[in-house]
Every structure is written in C-alpha cells, then in structure tokens.
Amino acid sequence: MLVTQQPVFRKFWHAVMPLTELAHGPKPFRLLGEDIVLFIDGTGQPAALRDRCCHRTAKLSKGWCVDGEGQACGSGALQCGYHGWTYDRSGQVVRIPQYEPDRKISPDYKTTAYHCTARYGYAWVALEDPIADIPAIPEFEDAGYRTIFQFYEEWQTSPMRALENSFDNSHFSFVHRATFGVAASPKPSKYELVENESGFYAETVIEATNPVKFHAISGVTDPITTRHMRNAYFLPFSRRLDIEYPSGVRHIIINCFTPIDDGRMQLCQWLFRNDTEADCAAQMLIDFDDAVTREDKDILESTDPDALVDTRRRGVEYSMESDRPGMLIRKHLMQLLARHGEAEVHRGMGRAVIPIANAMAVPMAVSTPEAA
C-alpha cells in the first residue's frame, strides 16, 4: 500500500513532533508526502501550515516567529525568511514589511493551514477534517505513572510493516535473540483477540529472558520470566503495548507510526511505568528499549515498505497462523478504505484500479494460514 495515495489517511490525527522541538522556532516535516511547517503561535499552541510562502514559494520553515511588532521571538506569527511576509495560524498573511502600515492586505494572500493541536507532549496534525479523535493515553496524566519520552526518529519502512511487527510474537526468538527473545521457544504464544470499532485488543503471555542487567526493568530475578502482554491497535497507525511482569511492574509503550511518505515513517514512542526513578532509572529503560528497537528497525528496513493490504492479491506475500493480528490490521484498513470509496493503491498500478464494488466485498476471514 502506498499511503500517500490513500486520501482517507489525511483525515486522521498523526503525531508529528515533540513540542520541545518547536521551542526555538519553526520546524519542517513531511506528512503523507506533504511538506508542512510547524510553529508555536502567540497563544502558545502549535500550528501547521503548508511549507510554501505564497509570495515567491520559499519554504516558510526557513523563517522565524515574530511578535505583533514584527520582532523575532520564540512564538508568534510565522515570518518568511525571504521577504518577511508574515502568517498567522490560519495561513493568512497578516503583515508585509514592504507595505505601509495602513495598507490593506488582500485576503487572497494566504497559504494552506492544517488542523494542529497539542496532546501528550506532541504536536498532532490532520491534513483534512479529522474523522476520529487522537487515541486516549490515560497514563499521561495519572500520578501513578511516570512518562518517559523515548524515541522520535525516521525509519526507512512503512507504518504497516511496523504495525504488523509490533503484534508479531513469532519473530522474538530470532530478531530479539540478543535481548529478550528465548531462542529455545520459537513457537509463538497465542493471542486472544477482540475487535472493536477503532481496531482490536490482543492479549497473551510470553516467556522472556531476564539476565541480571534486566532485573531492575522487570522487577524480578528469575532467569526467564513472563510478560503479560495487553496489545491494542488503533486505526490507522497506532498501537498500545501494556507489558505486566510478575512483580506487578507495568511497562506501557505507546507507538505512533507516522507516515512521512511511501518509503519512510516517523517512530514516535512514549513509555509509562508504575515504578519510580529509584526503582529503575529512566536512562536504563531508554537503553533497554533502544536495544530492542534497533533490532526491529534493522530487520524492518530490509522489508519492502509497499506492504500488501488487500489479501486478494495472491502470491505477493504468504502468511501463517501467528500472523493473525497482522491480517486483522489489514482487514480493518481495507474496511476503512472501502467505507471511503477507496481501494488499496500499490506500486505499479494507477489510483484505485480495483472496482469499488469488489473492495466492499473484502473477505473478512483471517484465520487461514494462506490468507495472504
């Protein structure tokens, strides 16, 4: 699937960047193939515009924020670095330095503005009117949990690849053999799956190696421990992984796999823990999850980012029983596309060449191993 050619994804909120990235001025980002610029406006809220000045098309991300007097500051209106045309969060030009102060500015002088809001320490953007809310993260404001901002980085893969990997128990013994994978147990544990409107909930228990250096992370000293994993998928590209160790320690990871373009995504990852810094240092947790994440990144960047979603395309990819969560992700994505009159667009074809009537008849069964 080529995400930039599926218009419905423009109607969802995507985590774009930590608010701390905007503390010293505007920053560029590419979301679903669209170049945008983010900045903090005069009210202290993030804003997002098309990264083009309507004067001579310079990138607005080359500019800076200014106050009402046109003086550079950390937040305010966005001034183009080429000729100084200045934009408010609605994309309207509100000041042209070359004009006399009382000269009226044409309302046609504007650039595209996008929906932008602050949530969970990030700026979120929807390129079109959003059709769903940002997934809830109750731990962010729960005094019983600490928040650790872990990763914000670009990967050379697609959200679909990252999503199916995050629910895939069968790769632990191989990809993660140097961290928590148990090499002697390659057969994956079975998920209990419950579907809902926004995706599905998946629960299982796995074995995990627990060397001495991981004892503070798990809260137990057994050489092999268990992880009670409560995993949830949210349309289109987010997941929640709640790991509970026998000690009662909860290790909750939130991922947003933000689509940059058809070959790249931005990994946004939060960690929540119900212990304290004295129990386990934040840096130790970052280093542990970083080691695991590097293993995933290395293998996922070797895959084709144009992941198959429409399982009627036979012979492209094959599946096995443990791939059922990944097949459910495909099912929900296909249903989403069909509801909005779309079909999967993939490499080597034109936009939506599969008849929409057929797209509405996507098979719902996902339990057969040859489903792809």
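The following refers to the structure shown. This structure is a prediction, so every number in the text was calculated from the model and none was measured. (Residues numbered from 1 in each chain as written. Predicted model: local features only at pLDDT ≥ 70, side-chain atom pairs only at ≥ 80, totals over all residues. Heavy atoms only, no water.)

1. Here's the deal with the overall build of the chain
A count of helices and strands for the chain gives six helices and 18 strands. The proportion of buried residues among the 372 residues of the chain is 52%. Across the chain, every contact between residues at least 6 apart in sequence was considered, and the portion connecting residues at least 24 apart equals 60%. (Helix = DSSP H or I, 4+ residues; strand = E, 2+ residues; numbered from the N terminus. Buried < 20%, exposed > 50% of the residue type's maximum accessible area, 1.4 Å probe, protein only. Contact = heavy atoms within 4.5 Å.)

2. A few points about the sheet that holds strand β16 (residues 238-244)
Pairing is antiparallel in the open sheet, where seven strands are placed in the order β12-β18-β17-β16-β15-β14-β13. Looking at the sheet topology across the chains shown, the edges are occupied by β12 (146-155) and β13 (192-196). Along the sheet, successive strands turn relative to each other by an average axial angle of 20 degrees, direction set aside. Taken strand by strand, helix α4 (residues 282-300) contacts β12, β15 (224-234), β17 (250-259) and β18 (265-273), and its axis lies near 25 degrees from that of β12. (Pairing = 2+ DSSP bridges. Axes fitted to C-alpha atoms, helices over the stretch in contact; angles between N-to-C directions.)

3. So, the pattern of salt bridges
The final tally for this structure, using the stated rule, is 26 salt bridges. Between Glu-128 and Arg-10 there is a salt bridge, with its nearest N and O atoms 2.9 Å apart. In this pair, Glu-128 sits in the loop between β11 (122-126) and β12 while Arg-10 sits in the segment before β1 (14-18), placing the two residues 118 residues apart along the sequence. Residue Arg-89 pairs with Asp-41 through a salt bridge whose shortest N-O separation is 2.7 Å. (Salt bridge = Lys/Arg side-chain N within 4 Å of Asp/Glu carboxyl O.)

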